[in-house]
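Below, each chain spelled out in residue letters.
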Amino acid sequence: MRARRSRSVAFWLLLVVAVNWSSASDEYILKAQFVERFIRFIDWPAASQGKANTKSPFVIGVVGKSEVHEHLLAVVAKRKIKGRTAEVRLLSIDDLEGVANCQVVFISKCSNHDLTTLLGFTAEKPILTVSDSKGYAKNGVLINIYLNRDDACRFEINRNAVERTGLRFSSNLLRLARLVGEE
Amino acid sequence: MMKNYSIRKKLLFIILGNTVLTLLAGFATVIGYDYWHLKGETLEQARLMARVVAGYVAAELVFSDDEAAIQTLGLLRPIPDLESASLYDAEGSHFASFPSSLSSPKPLPSPNPSANAEFKGGNLYVVQPIFDQEGRVGTLQLCATTTTLWAETWRHVRMLVLIMLLLIALASLAALRLQGVISKPILHLADAARSVSVYGDYGTRVTRIGDDEVATLYTAWNEMLGQIEHRQQEQARTETALRRSEEQFRSMIEQSRDAIYVIRDSDPFVYVNPKFEELLEYSLEEVTAPDFSVQTLVAPTSRAFVQTEKAKRARNERSLSKFEFQCISRSGRSFDFEVHATEIEWDETPARMGILHDITDRKRVELQLRSQRRQLQEDAEQLQRYADELERSNRELDQFAYVVSHDLKAPLRAIGNLSTWIEEDLASVISGETRTQMNLLRGRVGRMENLINGILEYSRVGRVHTKVREFDVGLLIHETVEDLGPSDQFEIEIAENMPTLVAERIRLGQVFSNLIGNSIKHHPRQAGRVEVGVAELNGTYQFWVSDDGAGIAPDYQEKIFVMFQTLQPRDRHESTGVGLAIAKKIVEDQGGQMRVESNEGSGATFRFTWPKRPPGEPGQPRSGQGRTKENE
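Anyway, here's the lowdown on the structure attached to this text. Worth saying up front: this structure is predicted, and the values here are computed from it rather than measured.

This paragraph deals with the environment of Thr219(B). Turning to its location among the elements, Thr219(B) is positioned in helix H4 (residues 213-255). Separated by 11 residues in sequence, Thr219(B) and Arg208(B) place their C-alpha atoms 6.8 Å apart.

Written as structure tokens, this is what we have:
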């Protein structure tokens, strides 16, 4: 009797964990997908390519540790982004040079200080900053993904920050976002 | 079934039917077209909006923002009767729907259907794929009912139906009025026709209005009636004429003085007329009774004839159409008929009609005439025999006279000569008295010779024919007078108008010679006057010789023409007394006549007629007898 109960408990526990684990994975798959999808609704100014042509890869940088990284890799593996091959680079928070070569930067949870520094760097560059931490949009991240009450992925956009970067956001994207102002 | 309706109804039916059908067809077409158009528009509108919204709502799908999606779908609200607008993801699972209260969203026909818009089962379905730059992200499906569409159409229909009813009402009024244009004249004509057939009034006429086919019908109708009327009148006239003619013919037959019968080859008679009944003493009923035999009336003398004719007819030969026939009446009286038979048609079968003309009297007369003719012929033969005998005896007489005179003259001459010779021989011894007597003797002998010559001459006249010539009478008379040699004191006046004749010149000369010679010879005085004249009388010439001599007393006027008769003793004038007789004979021989007109003391006129041409020529009778009416 006791053995059986403990086996079922263990089973249930594992299931919960698995479910939670998978759901947790699901969330980051979605976020990765969102990132790729955001890109679809955003136009980078032509100048940002610099001397670069379509040959040069489209770089998505991931700052900090995040599960999104591996899923991003999966997402971009099969497709071209903006007609260029996509690259996902993992960057450290202080690798500003590396950030500057990215078109998109995914910022994982980090310290306020690091955030401010990073955002200060990317503020007027045509770099799409995406985060999934609460309040980051207010701080200046362009798009912040969050989960709503129903655990559906939503996102908020900092319009002023967007304007400063010179990136052109589709109205459809803006429409769906919770718009956020500066603080 | 419709055939029995009045023209008015038919016309109304046609006009209204036409109108209604046209209207129905028209309106149905309009409605149908409108509906189809409306449907198309609705579809197009829905499709358009779907397309627009699809482009719009891609982001929601991409970012799985179902709330926002629902809101965006709300843009489709204007689509009439929108039941649901549903979004499906790229795998075809339902994502979001508007209205959000939707209990069971309609599934997609397939996970990734292509764009489509159609009406299915009373609903409008629009399927619109949603794409973004990367590819298909999902599908939008709209479902709308057609309630408004139908309502709209229905409203349309109701309105049109109302209009149509109104139009039909108007059309009916118009039709009612207009059908009269055609039906009225026809109905009027029908009435007229009825009145004609019921009352037989062929005088009915209809007044022609307008100039269409009905008017033509009217005219034709009037003409037809006119013709019928005319023909009726003609027929009446013909009937009257026919009846009159029939009566006429009937009376002709019935009042005919000839008996008329009609018969077929077999007994009895078919018809006989009253005259027949009267003559043969049988009534019509009797002779037409089946047991009556026609043979009863046939006289025995004609029985054979009947058989012959019957046989002829049996052989299909033609029988006589005119023949004589004998009948016996009931009382045995016999009739001779001249029959004229004709083939006729009686009651449409062949028959023979005979007209019996009573020739009994005629036949009798014929017989009489025949016997008379026979008698005449015998008489004529007898006469001819007499004539021949007469001629013969005349001839003999002439011959006798000739011969005798010839034979008599010879001895006379001998006597004369002998007396002369005797006188010469006895010249010395005879006395003067004897010589005187001898002269007397010779004178008597001479006289006798003259007499004999006269007889001879007389006998020659008529027996010896001299040459016939054409000659001038005046010339002849002049010659004759010259030959006579009258004394200068004698006046012989010859008329100027003496004709030219064709005759025996010598004979006429003899006549004139005798007459004129007589006048001269017997004139009491030395100086005298003789007139010779001519007149044309009845185609012959009448000559006259008149003198102013002693004349001849009526008692002797006949005698003088007799031979040897003289008025004076012979020795006074030395006439033989033969001259006039000869002259008369000559004239009578020519077919003329001679007579004298005279009174004692006042001269005499001898008249005689002479034909223009000698007798015996064509047109003239042969001998003196039997002259034509022209003469005398």
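This part is about the side chain of Asn172(A). Mapped onto the fold, Asn172(A) is located in helix H7 (residues 171-176). Here the side chain of Asn172(A) touches Arg175(A) through a polar contact of 3.1 Å, side chain to side chain. Those residues within four positions of Asn172(A) in sequence are excluded, and the remaining contacts are Phe41(A), Gly55(B), Tyr56(B) and Ala59(B).

Take the packing of helix H11 (residues 505-521) of chain B against helix H13 (residues 579-589) of chain B next. Residues and elements named next belong to chain B. Look at H11 against H13: their axes get within 9 Å of each other, and the N-to-C directions meet at 145°. For the crossing formed where H11 meets H13, the hand is left-handed. Every residue of H13 that contacts H11 at Arg 507, Gln 510, Val 511, Asn 514, Leu 515 and Asn 518 is listed here: Gly 579, Leu 580, Ile 582, Ala 583, Ile 586 and Val 587. Split by residue class, the contact of H11 with H13 holds 7 nonpolar, 4 polar and 1 charged.

Here we take up helix H7 (residues 300-314) of chain B. Residue and element names in this part refer to chain B. Between its first and last C-alpha atoms H7 spans 22 Å; for 15 residues at 1.5 Å apiece the expected length is 21 Å, and the two agree. Along H7, the positions that sit buried rather than exposed are Ser 302, Val 306, Glu 309, Lys 312 and Arg 313. All buried residues of H7 fall inside an arc of 125° around its axis, so they share one side. For H7, the exposed residues set more than 90 degrees away from the buried face come down to Pro 300, Ala 304 and Ala 314. Looking at the packing, one finds that the buried side of H7 touches strand E8 (322-328) and strand E10 (349-358). At the exit of H7 stands Asn 316, carrying a positive phi of roughly 65°.

What counts and what doesn't
Residues numbered from 1 in each chain as written. Chains lettered and ligands numbered in written order. Predicted model: local features only at pLDDT ≥ 70, side-chain atom pairs only at ≥ 80, totals over all residues. Heavy atoms only, no water. Helix = DSSP H or I, 4+ residues; strand = E, 2+ residues; numbered from the N terminus. Polar contact = N/O pair within 3.5 Å; in protein donor to acceptor, adjacent residues only side chain to side chain. Contact = heavy atoms within 4.5 Å. Axes fitted to C-alpha atoms, helices over the stretch in contact; angles between N-to-C directions. Left-handed = near helix turned anticlockwise from the far one by under 90°. Nonpolar A, V, L, I, M, F, W, Y, C, P; charged D, E, K, R; others polar. Expected span 1.5 Å × (residues − 1). Buried < 20%, exposed > 50% of the residue type's maximum accessible area, 1.4 Å probe, protein only. Arc of directions from axis to C-beta.

Keep in mind that these numbers describe shape and distance, not what the molecule does.
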